[in-house]
Every structure is written in C-alpha cells, then in structure tokens.
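So you can see what is in the structure, the chains are spelled out below.
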Amino acid sequence: MKKLNILLAILFLSVSAFAQTTWTLDKAHTKIGFNVVHMAVTEVEGKFNDFEGSVTTNSNDFNGADVTFTAKVASVDTDNERRDNHLKSDDFFNAEKFPELKFAGKLVKEGSGYKLKGDLTIRDVTKPVTLDVTYNGSIDTGRGVKAGFKVSGKINRQDYGLKFNAALGGGELVAANEVELIIKVELNKA
C-alpha cells in the first residue's frame, strides 16, 4: 500500500508539474498598436481593432509560453478613414486577398527580461521576429487572475510586401519602411 501511495504521489506531482495554463487576451485592455514616420517629420499611430490571441504556459513566470495571435487587417485604424482605406489596399496590406496577419512563437526569459520570438505573417509572407517584452506582473482581482505585458520592436514593412514607396522631392519617403510595434497586453487566466 505504501508503494502505491508513493507511486500515486509521484504521478500527481508529475502531472502537476506539466499542467498547462491558458490565458486569453482581454480585448478591452489590450492595444495592438504601431507607429510609422510620415513625411520624415512626424509619426502616425495606428492599431488593429479586431484581434484574438492566447498564451499557453507551463510555468508561473511565463518562460517558454506559447503565444498565438491573429488580427483582421480590415480592422486597421489610424483615426483617418482615407488613410485606413489606403492601408487596406494592395499598396499595403491588401485586406481583400490577405485578410489576416498572424504571429506564433514563444515567450523566452533572458536575464531579467523577456523576448518574444516567433514567426510573423503579413500578406502570406512569414519572417522570424524577436520583440522585447516587459512583464508587468500578475494579480488576482478577486474575479480572476490577470497578467500584463508590453511588447515592442521594429519590423521593415517592405520585408512583408507592403510595397508603397512614394517619395517627396528630397527623396524622403511618405511612409517610412520601419514600423515600430507597441503592443500592450492584458491577459485573463482561463
């Protein structure tokens, strides 16, 4: 009997050690944002309003967590309907032909910080990216557990076929090639 109890205890601990926790995006408190330099003198901010994502982790500190994310390209929002329609056109995202952008990767602890490493797909072009992550912690609100993160980094839009390349008289681009990603995430523990 003692051997059976020990075996059951080991089995329980093994299952507990590998138990997965799934977290979902709290859409009301998450912003999938970006900035692009416009006409070499200012920045235009934008975001995606229709998105989903999840994080699956085996640890309390999110190290090694699997991250997936999808945004509907047609939900791009820069507070300017004309510009949004241009972004949805073939010059940029081509929302009709490529309706989603996707990310799949892992959150990896490096030193005192985190990196989000994975594959970003825009216009059916997939490229590896590494983004900086600040883990703001987690809290039990009494109605559930939440965790917060800030994700930032840069990509080159030309790498993904966002080909608009108009230039001003001095050669400055109307829309810079470098896109700064600023993503603020609040997760709900499932």
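The structure presented is a predicted model; accordingly, all values stated were derived computationally and were not measured. The numbers attached to residues start from 1 for each chain and follow its sequence in the written order. Thresholds applied to this predicted model are a pLDDT of at least 70 for local features of residues and 80 or more for the giving and counting of side-chain atom pairs; totals over whole chains, interfaces and linings are not thresholded and use all residues. With hydrogens and water set aside, each side-chain value is computed from the structure's full complement of heavy atoms.

### Section: unusual backbone geometry
A positive phi angle, near 65°, is found at Ala 40, a position not held by glycine. Inspection of the secondary structure assignment puts Ala 40 in the loop between strand E2 (31-38) and strand E3 (42-48). A relative accessible area of 47% places Ala 40 in the partly exposed class. Even without a glycine there, the phi angle at Arg 123 is positive, about 55°. Looking at where Arg 123 falls in the secondary structure, it is placed in the loop between strand E8 (113-122) and strand E9 (125-140). Burial classes: relative accessible area under 20% of the type maximum marks a residue as buried, over 50% as exposed, and values in between as partly exposed (1.4 Å probe, protein chains only). Residue Arg 123 is classed as buried on the basis of its relative accessible area of 14%. Helix numbers and strand numbers start at the N terminus; a helix is a DSSP run of H or I with at least 4 residues, a strand a run of E with at least 2.

### So, the pattern of salt bridges
What makes a salt bridge here is a side-chain nitrogen of Lys or Arg within 4 Å of a carboxyl oxygen of Asp or Glu, nothing more. Overall, the coordinates contain eleven salt bridges when judged by the stated rule. Residue Asp 66 pairs with Lys 106 through a salt bridge whose shortest N-O separation is 2.4 Å. With Asp 66 in strand E5 (residues 65-72) and Lys 106 in strand E7 (residues 100-110), the pair connects residues that are 40 residues apart, well separated along the chain. Taking the relative accessible area as the measure of exposure, Asp 66 reaches 34% and is therefore partly exposed. For Lys 106, a relative accessible area of 38% corresponds to the partly exposed category. One salt bridge in this structure joins Glu 178 and Lys 154, with 3.6 Å as the shortest N-O distance. Note that Glu 178 is positioned in strand E11 (residues 175-189) and Lys 154 in strand E10 (residues 145-156), a separation of 24 residues in sequence. Classification of Glu 178 by relative accessible area gives partly exposed; the value is 47%. Judged by relative accessible area, which is 53%, Lys 154 ranks as exposed.

### Digging into the environment of Thr 78
By secondary structure assignment, the location of Thr 78 is in the loop between strand E6 (76-77) and helix H2 (81-88). With 71 residues separating them along the chain, Thr 78 and Phe 149 place their C-alpha atoms 23 Å apart. Sequence-distant contacts of Thr 78, that is, excluding residues within four places in its chain, are made with Phe 34, Val 44, Glu 45, Gly 46, Arg 83, Asp 84 and Leu 87. By the criterion applied in these results, polar contacts are pairs of N or O atoms within 3.5 Å in which, for protein atoms, one can donate a hydrogen and the other can accept it, and in which residues neighboring in sequence qualify only through two side-chain atoms. Within polar-contact distance, the side chain of Thr 78 engages the side chain of Asp 84 at 2.5 Å. The criterion used for residue contact is that any of the two residues' heavy atoms lie within 4.5 Å.

### Some points on the pairing of strand E1 (residues 21-25)
DSSP-based pairing: two strands are paired if at least 2 bridges between them are found. Pairing of E1 with strand E4 (residues 51-57), which is carried by four bridges, proceeds in the antiparallel orientation. The residue bridging Thr 22 from the neighbouring strand is Thr 56, located in E4.

### Considerations on the layout of surface pockets
Roughly 990 Å³ of internal volume is contained in the largest pocket. In this structure, the largest pocket is lined by 48 residues; those nearest its centre are Phe 34, Phe 48, Phe 93, Val 179 and Leu 181. For cavity detection a 1 Å grid was placed over the protein atoms alone, and a set of points counts as a cavity when a 1.4 Å probe fits there but cannot get out; an open set counts as a pocket when protein lies on both sides within 12 Å along at least five of seven lines, with lining residues being those that have an atom within 4 Å of a point. Grid points are joined across faces, edges and corners, and a volume is the space filled by probe spheres set on the points. Of the pockets and cavities examined, the second largest pocket occupies roughly 160 Å³. As for the second largest pocket, its lining consists of Ala 19, Thr 21, Trp 23, Thr 57, Asn 58, Ser 59, Asn 60, Phe 62, Tyr 135, Ser 138, Val 145 and Lys 189. Elements supplying a minimum of two residues to the lining of the second largest pocket: E1 and E9. Under the convention adopted here, Pro, Cys and the residues Ala, Val, Leu, Ile, Met, Phe, Trp and Tyr are nonpolar, Asp, Glu, Lys and Arg are charged, and Gly plus all remaining residues are polar. Grouping the amino acids of the lining of the second largest pocket by side-chain chemistry returns five nonpolar, six polar and one charged.

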